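Okay, here's what each chain looks like letter by letter:
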Amino acid sequence: KKYFSLGLDLKYMGKTLQLLPQTAAMISKTYKKLLTLNMPTVAAINGHAFGAGIFIAMCCDYRYMRRNAGTICFPELKLEINLSAGWTELLQHKLTPNTFRDCILKAKKWSSMESATAQIIDAEIECGDFDQNYMD
């Protein structure tokens, strides 16, 4: 299996707490750029996407995931991390109410098919099948 992004290395960050404010600022700046880019953005999720990694994809206008390549998970609840109001609002805007609840309260792992059904992603695709037709 491949990885799109597993998010932040929390063990490392726990050892280097003095870097936490800088890291948080850098991540927020990156997310903001994706959210406000003056063109459509596409996340091509080629494998597992957890935590900050799935938030990168959620900042994009379109999300496509390679079929059976991994899972999507918002593990913050299990890690006892509170989402900021802004990130909660982003998910409420991008997800259906039931999907939002299951992502946040259950920290469920979603397959590509489940992610498409729950509308976390726009579609699951086979490797090499992505073309303009998905954007129509």
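Procedures and definitions
Residues numbered from 1 in each chain as written. Predicted model: local features only at pLDDT ≥ 70, side-chain atom pairs only at ≥ 80, totals over all residues. Heavy atoms only, no water. pLDDT = per-residue confidence, 0-100. Helix = DSSP H or I, 4+ residues; strand = E, 2+ residues; numbered from the N terminus. Phe/Tyr/Trp six-rings, centres within 6.5 Å; stacked < 30°, edge-to-face > 60°. Buried < 20%, exposed > 50% of the residue type's maximum accessible area, 1.4 Å probe, protein only. Lys NZ or Arg CZ within 6 Å of the ring centre and 35° of its normal. Arc of directions from axis to C-beta. Contact = heavy atoms within 4.5 Å.

1. Observations concerning the confidence of the model for the protein chain
Considering every residue of the protein chain, the mean pLDDT works out to 85; 87% of them sit at 70 or more. Per-element mean pLDDT across the protein chain ranges from 67 in helix α1 (residues 10-15) up to 96 in helix α6 (residues 112-117).

2. Here we look at the packing of aromatic side chains
Any pair of aromatic rings gets described here by the distance separating the centres and the angle formed by the planes. On inspection of all chains with the given rule, the structure shows three aromatic pairs. A centroid spacing of 5.7 Å and a plane angle of 90° characterise the contact between Phe55 and Phe74, whose relative ring orientation is edge-to-face. On the criterion of sequence distance, the pair formed by Phe55 in helix α3 (residues 52-58) and Phe74 in the loop between β5 (72-73) and α4 (85-94) is long-range, its members being 19 residues apart. In this structure Phe55 comes out as buried when scored by relative accessible area, which is 4%. Of note, Lys108 hangs over the ring of Trp110, and the distance from its end group to the ring centre comes to 4.2 Å.

3. With respect to helix α5 (residues 97-106)
Within α5 the residues assigned to the buried category are Thr99, Phe100, Asp102 and Cys103. Looking straight down α5, one finds that the buried residues subtend no more than 170° of arc, so they occupy a single side. For α5, the exposed residues set more than 90 degrees away from the buried face come down to Pro97, Leu105 and Lys106. The secondary structure elements touched by the buried residues of α5 are α4 and β6 (109-110). Once α5 ends, the next one or two residues include Ala107, with phi positive near 50°.

4. Quick notes on unusual backbone geometry
Most of the time, phi is negative for any residue but glycine, and the peptide bond is trans. The phi dihedral of Ala107 falls on the positive side, at around 50°, and the residue is not glycine. With respect to the helices and strands, the residue Ala107 is situated in the loop between α5 and β6. On the basis of relative accessibility, which here comes to 4%, the residue Ala107 falls in the buried class. At Gln119, a residue that is not glycine, the phi angle is positive and equals roughly 65°. Structurally, Gln119 can be placed in the loop between α6 and β7 (123-125).

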